[in-house]
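Examining the three-dimensional arrangement
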Amino acid sequence: MDPNPIQTLADLERIALARVDKVTREYWVHGAGENITVRENASAFDRYRLRPRVLKDVSTIDMTTSVLPSTDASPALVANLPIGIAPSGWHKMAHVDGEAGTAAAAKAVGSVMGVSMGTIVGEAPRECCSPEAVRDAGGESVAFFQLYMFNDRILMADVLRRVEKAGYRAVLLTVDTPYVGKRISEIRNRPQLPNFLTTINFGTLLGTNHGPDEKEEKKKRIGSLHIDNSLVWEEIIPWLRATTSMQIWLKGISTAEDAALAVAHGADGIVVSNHGGRQLDLCVPTLDALPEIVAAVKGKVPVHLDGGVRRGEDVFRALALGADFVWVGRPALWGLAYDGQRGVELMLTILREELKLCMGLTGCASIKDISPACLRLVGSTAKL
Ligand SMILES: Cc1cc2nc3c(=O)[nH]c(=O)nc-3n(C[C@H](O)[C@H](O)[C@H](O)COP(=O)(O)O)c2cc1C
């Protein structure tokens, strides 16, 4: 029997992208501007080479990783691997399984999924799975709900109440999107993009049993919604804290200064991210931003990273530079487009097995053995 044609995420990308239409492909592949950050997020990893150590007992490799601490209400969230699925919108563009398929895959592999706020705003005919349906499909693996802060605080409080009730344990506030980046292919393809991408519909959230006046009122509220770009540290974190008992994580930190502010303002964790290059082109690749952020955080809160992770060796290199956990965005969409839930499982399994092999061949039997001493910067003769 021929081996599976998909041995790497590059295979998965090529085969999956050939199956989807041009508009979907460009929506996933492209970022902002000239896509320089999209490319550099990935290429940044290759500036580091591995320093294998030998004659260490690697007969068992332990990849388990703590993601969220225990609380009175729930036990600690521990993943089987230090790799999660970053939030991205509209999984039904990839496959009819949608977000529920992604969540079921995360659960099957013992990974974690961040669920995009897009699950609330979708519309028929290819409407998104609701946050509740995604949580039901993925159970404990579905712990993070990504939030864009819109300018209607009553509505935002409703969203938070709803997802907390559904069992989510952490809100992942996306802080890199005060404005939507200049995504040229989205601008060009706008007329062909599905309707549900052009209008944000909070209608279901505001309820349907309204009288004629309330209907008008509701229409007005929806019509005036936009992402709140007046947010500041001193106000938004206390507001979130007062509104929800979920953990508060910030997604989209790229500098030591902001990482220090996140800690000072009591964030529970941060995700070093530039939105997969979809916001500000020409910004620092996330892997290059990581060391200064790790130094600023000083172990006070977990530091996660996303952007350009495409191999187990990339996961290893991010962990060696101090990340506690990494997330992948686009690869989940490729997996879903290739074979629904099974395709996402395949994607996670490839990464898991590559990481396991990399750990074994570098002499790291557990995640805590992965350190800067495992790496060398290309062109330098010194270890880090
Ligand atoms: C098609 C697409 C949709 C996305 N939608 C969201 C979103 O709704 N909210 C969000 O915070 N990030 C979103 N992201 C960014 C991802 O969460 C993540 O930061 C990024 O994809 C990581 O980079 P990678 O794709 O190179 O792995 C999206 C990314 C893609 C590719």
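This report concerns the structure included in the present document. What you see is a predicted model; the values in this text were computed from it and never measured.

On a regular strand, each side chain points to the face opposite its neighbour's, so the side chains alternate between the two faces of the sheet. For strand β7 (residues 170-174), the buried fraction is high: five of the five residues fall into the buried class. When strand β6 (residues 142-147) meets β7, the two strands line up parallel, connected through four bridges. When the sheet's bridge partners are listed, L147 is paired in β7 with L173. Running through helix α7 (residues 153-165), the crossover from β6 to the neighbouring parallel element β7 is right-handed. Strand direction decides the pairing type here: β7 and strand β8 (residues 247-253), joined by five bridges, are parallel. Opposite L172, over in β8, you have W249 as the bridge partner.

Let us look at the packing of helix α1 (residues 9-19) against helix α16 (residues 330-362). When two helices pack together, you describe them by how their axes are tilted relative to each other and by the distance separating the axes. Where α1 contacts α16, the axes come no closer than 10 Å and their chain directions differ by 175 degrees. Looking at the two axes, α1 sits roughly antiparallel to α16. Residues L9, L12, E13, I15, A16, L17 and R19 of α1 form the contact with α16, whose own contacting residues are P331, W334, G335, A337, Y338, M347, I350 and L351. When grouped by side-chain class, the residues that make up the contact of α1 with α16 number 12 nonpolar, one polar and two charged.

Further remarks concern the site of the ligand. Taken together, 23 residues lie around the ligand, and P87, S116, T174, D306 and R310 are the ones closest in. One of the backbone N or O atoms of P87 is found 2.6 Å from an oxygen atom in the ligand. Side-chain polar atom of R310 to an oxygen atom of the ligand: 2.7 Å apart, as the coordinates give it. In isolation the ligand exposes 600 Å². Once the protein is present, 97% of that is buried. Here the shell around the ligand is composed, by residue class, of seven nonpolar, 11 polar and five charged.

Now for helix α4 (residues 98-109). The end-to-end C-alpha separation of α4 is 17 Å, in line with the 16 Å expected for 12 residues at 1.5 Å each. Across the 12 residues that make up α4, a large majority, nine, are buried. Taken residue by residue, α4 has G98, E99, G101, T102, A103, A104, A105, A106 and V109 as its buried positions. In the stretch just after α4, G110 is the one whose phi turns positive, near 80 degrees.

Going through the model one piece at a time under the given rule, you end up with four aromatic pairs. Ring plane angle 80 degrees and centroid distance 5.5 Å describe the contact between F145 and Y168, whose orientation is recorded as edge-to-face. Of this pair, F145 sits in strand β6 while Y168 sits in the loop between α7 and β7, and the two are 23 residues apart along the sequence. Considered together, F145 and Y168 belong to a single accessibility category, that of buried residues. Here F325 and W327 contribute two aromatic rings whose centre-to-centre distance is 5.4 Å and whose plane-to-plane angle is 70 degrees, an arrangement assigned as edge-to-face. Side by side, F325 and W327 carry an identical accessibility label, which is buried.

What counts and how
- Residues numbered from 1 in each chain as written.
- Predicted model: local features only at pLDDT ≥ 70, side-chain atom pairs only at ≥ 80, totals over all residues.
- Heavy atoms only, no water.
- Buried < 20%, exposed > 50% of the residue type's maximum accessible area, 1.4 Å probe, protein only.
- Helix = DSSP H or I, 4+ residues; strand = E, 2+ residues; numbered from the N terminus.
- Pairing = 2+ DSSP bridges.
- Right-handed = clockwise from strand over helix to strand, strands pointing away.
- Axes fitted to C-alpha atoms, helices over the stretch in contact; angles between N-to-C directions.
- Parallel < 35°, antiparallel > 145°, perpendicular 65-115°, else oblique.
- Contact = heavy atoms within 4.5 Å.
- Nonpolar A, V, L, I, M, F, W, Y, C, P; charged D, E, K, R; others polar.
- Near = heavy atom within 4 Å.
- Polar contact = N/O pair within 3.5 Å; in protein donor to acceptor, adjacent residues only side chain to side chain.
- Areas by Shrake-Rupley, 256 points an atom, 1.4 Å probe, with all protein chains shown as cover.
- Expected span 1.5 Å × (residues − 1).
- Phe/Tyr/Trp six-rings, centres within 6.5 Å; stacked < 30°, edge-to-face > 60°.

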